[in-house]
Amino acid sequence: MTVPFNQPGRFWRGNLHTHSDRSDGALPPEEIARRYREAGYDFLAITDHFRAKYNFPLTDTRQLRTSRFTTLLGAELHPPRTEFSSEWHILAVGLQLGFPPPEPDESAPQLARRARGAGAFIGMAHPAASLLTTADAESLDAAHAVEVYNALSAREDRGDSWHLADVLINRGHRLSTYAADDAHFQPHDPPGCAAWVQVRAESLDPQALLAALRAGHYYSSTGPELHDIKLDDDLITVRCSPVRKVLITGGDPGAKVVQGEALTECSLPLAMFKRRWCRVTVEDSHGRRAWSNPIYLPPGRTPSITA
């Protein structure tokens, strides 16, 4: 997995976690797509709850695709159970129509493996809001990624799940990380279009986007843009839209931080990251953030960069 910034193509903005009136959302898919399209998004995944009470919907949004906007088919899967909940919340983006419902005795790891085998990008949805434990997460061996920011869960002060992702990565799980709206558009909900991924791909073709997601060729944001991340000797250099803070954290306690006004480029040392990985966070003047995927640092004075 290589960083997205030097990959062929361009960045495409999309939301990976959305619910329509096919499950517990307030709006039909057509209206949701219109809102995201008019907000400047390039793609959208409507991931309705794959539950029996909704007749296991896999919402078909192919008719909403245009030359400038596309959709990914998916669902939120709910097999039983986690340590503190009667059901899991597993995001599966890239499912094919006709994906069979879970069998009565199918466990979460088994269902996730089946979805991944069908071509889906698998994410652990809102771990903080679900009180997902490390043991729960480690059992989900088919996961590609952790949903590290969920805009809907931020309403209950459980939007940020970076702690779990950091622990899993320290334990050797090569996972990427993404941010999403989890938009339902109910009257009491926060508005959509609040958290997204920027996926680097050569085209807006759904299969190209899914391949890039599986490869980790993306970053996440609630506002700022990441333009480039490079490693040279023992330094990491970040270029971005104007921000007030650039933060490097990773598998070791502590951080490297640069603060200022309208920062667009800075370099920070990497020597503190003995566990050989780090990640970049930038924060703008409104408190909005963008995050890189984990960056794995091989030994040596001049490491190559992967994320």
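Refer to the structure above for everything that follows.
Residues numbered from 1 in each chain as written. Predicted model: local features only at pLDDT ≥ 70, side-chain atom pairs only at ≥ 80, totals over all residues. Heavy atoms only, no water.

A.B. asks: I tried to follow the overall build of the protein chain on my own but got confused; where do I start?
C.D. replies: Broken down by element type, the protein chain carries five helices and 16 strands. Computed over its C-alpha atoms, the radius of gyration of the protein chain comes to 19 Å, within 12% of the 19 Å expected for a compact globule of 307 residues. Of the contacts made within the protein chain by residues no fewer than 6 positions apart, 65% connect residues no fewer than 24 positions apart. Surface summary for the protein chain: the accessible area is close to 12,700 Å², and the carbon and sulfur share equals 48%. (Helix = DSSP H or I, 4+ residues; strand = E, 2+ residues; numbered from the N terminus. Rg over C-alpha atoms; globule rule 2.2 N^0.38 Å. Contact = heavy atoms within 4.5 Å. Areas by Shrake-Rupley, 256 points an atom, 1.4 Å probe, with all protein chains shown as cover.)

A.B. asks: Just checking my understanding: could you explain the nonpolar core for this structure?
C.D. replies: If you look at soluble globular proteins, the nonpolar side chains tend to sit buried side by side. Counting residues in each nonpolar core, the largest one holds 33 residues, and the members touching the most others are L77, I90, L95, A115, I122, M124 and L140. Leaving out residues up to four positions away in the same chain, I122 has contacts with I90, L91, A92, A112, A115, R116, A142, A143, H144 and A145. Listed in part, the 24 residues of the second largest apolar core include I229, C240, V282 and I295. (Core = buried A, V, L, I, M, F, W, Y, C linked by side-chain atoms within 4.5 Å. Buried < 20%, exposed > 50% of the residue type's maximum accessible area, 1.4 Å probe, protein only.)

A.B. asks: Help me understand the pattern of salt bridges, please; the structure alone is not making it clear to me.
C.D. replies: Between side chains of opposite charge, pairing is possible as soon as their charged atoms come close. Under the counting rule described, the total for this entry stands at 17 salt bridges. Put simply, E38 and R34 hold a salt bridge, and the shortest N to O gap is 2.7 Å. One end of the pair, E38, and the other, R34, are both in helix α1 (residues 29-38), four residues apart, so they sit about a helical turn from each other. Relative accessible area serves as the criterion here: at 58%, E38 is assigned to the exposed category. Relative accessible area serves as the criterion here: at 29%, R34 is assigned to the partly exposed category. For D284, the salt bridge is made with R288, and the minimal N-O distance between the two is 2.8 Å. Beyond isolated ion pairs, a larger network of salt bridges with shared partners links E31, R34, R35 and E38. (Salt bridge = Lys/Arg side-chain N within 4 Å of Asp/Glu carboxyl O.)

A.B. asks: Please explain the packing of aromatic side chains as it appears in this structure.
C.D. replies: Aromatic rings in a pair are described by how distant their centres are and how their planes are angled relative to each other. With the rule as written, the count across this model stands at 11 aromatic pairs. Seen in terms of ring centroids, Y36 and F185 are 6.3 Å apart; in terms of plane orientation they differ by 80 degrees. Their pairing is edge-to-face. One end of the pair, Y36, is in helix α1; the other, F185, is in the loop between β8 (176-180) and β9 (196-201), and 149 residues separate them in sequence. Looking at Y36, the relative accessible area reads 0%, which means it is buried. Residue class for F185 comes out buried when judged on its relative accessible area of 15%. Ring centres of F121 and Y218 lie 6.4 Å apart, and the angle between their planes is 85 degrees; this geometry places the pair in the edge-to-face category. One end of the pair, F121, is in strand β6 (residues 121-124); the other, Y218, is in strand β10 (residues 218-221), with 97 residues separating them in the sequence. (Phe/Tyr/Trp six-rings, centres within 6.5 Å; stacked < 30°, edge-to-face > 60°.)

A.B. asks: Explanation requested: the side chain of H19 in the structure shown.
C.D. replies: Positionally, H19 belongs in the loop between β1 (10-15) and α1. In this structure the side chain of H19 is engaged in a polar contact, spanning 2.9 Å, whose partner is the side chain of E76. In terms of polar contacts, H19 uses its side chain to reach the side chain of D182, at 3.2 Å. (Polar contact = N/O pair within 3.5 Å; in protein donor to acceptor, adjacent residues only side chain to side chain.)

A.B. asks: Quick question: what am I supposed to make of the pairing of strand β11 (residues 226-232) here?
C.D. replies: Two faces, one strand: in a regular strand the side chains alternate between the faces of the sheet. Inspection of the sheet shows β11 paired to strand β12 (residues 235-250) by six bridges, in the antiparallel sense. Bridging from a neighbouring strand, D228 pairs with R239 of β12. Once β11 ends, the chain turns through two residues before running back antiparallel as β12, passing D233 with a positive phi of about 55 degrees. (Pairing = 2+ DSSP bridges.)

A.B. asks: Even after reading the chapter, I still don't get the layout of surface pockets, so can you show me in this structure?
C.D. replies: Over the atoms, a rolling probe the size of a water molecule traces out where space has been left empty. In this model, the largest pocket occupies a volume close to 160 Å³. Lining of the largest pocket is provided by R62, R65, T71, L72, L73, G94, L95, Q96, L97, P206, Q207 and L210. Mapped onto the lining of the largest pocket, the elements with two or more residues apiece are β4 (70-77) and α5 (206-215). Of the residues in the lining of the largest pocket, the class split is six nonpolar, four polar and two charged. (1 Å grid on protein atoms, 1.4 Å probe; cavity = no way out; pocket = protein on both sides within 12 Å on 5 of 7 lines; lining within 4 Å. Points joined across faces, edges and corners; volume = space filled by probe spheres on them. Nonpolar A, V, L, I, M, F, W, Y, C, P; charged D, E, K, R; others polar.)

A.B. asks: Even after reading the chapter, I still don't get unusual backbone geometry, so can you show me in this structure?
C.D. replies: Negative phi is the rule for most residues except glycine; trans is the rule for most peptide bonds. Phi at D182 takes a positive value of approximately 55 degrees, unusual for a residue other than glycine. For D182, the location among the structural elements is in the loop between β8 and β9. For D182, a relative accessible area of 4% gives the class buried. The phi angle at R276 is positive, at roughly 70 degrees, despite the residue not being glycine. Within the secondary structure layout, R276 lies in the loop between β13 (256-269) and β14 (277-283). Take R276: its relative accessible area is 30%, and that puts it in the partly exposed class.

A.B. asks: Looking at this structure, I do not really get the pairing of β10. What am I missing?
C.D. replies: Neither face of β10 is left uncovered, since the one carrying Y218 and S220 and the one carrying Y219 and S221 both have all their residues buried. Examined bridge by bridge, β9 and β10 share four bridges and lie antiparallel to one another. When the sheet's bridge partners are listed, V197 is paired in β10 with S220. Where β10 meets strand β15 (residues 289-291), two bridges bridge the pair, whose relative direction is antiparallel. Bridging across to β15, S220 finds its partner in W291.

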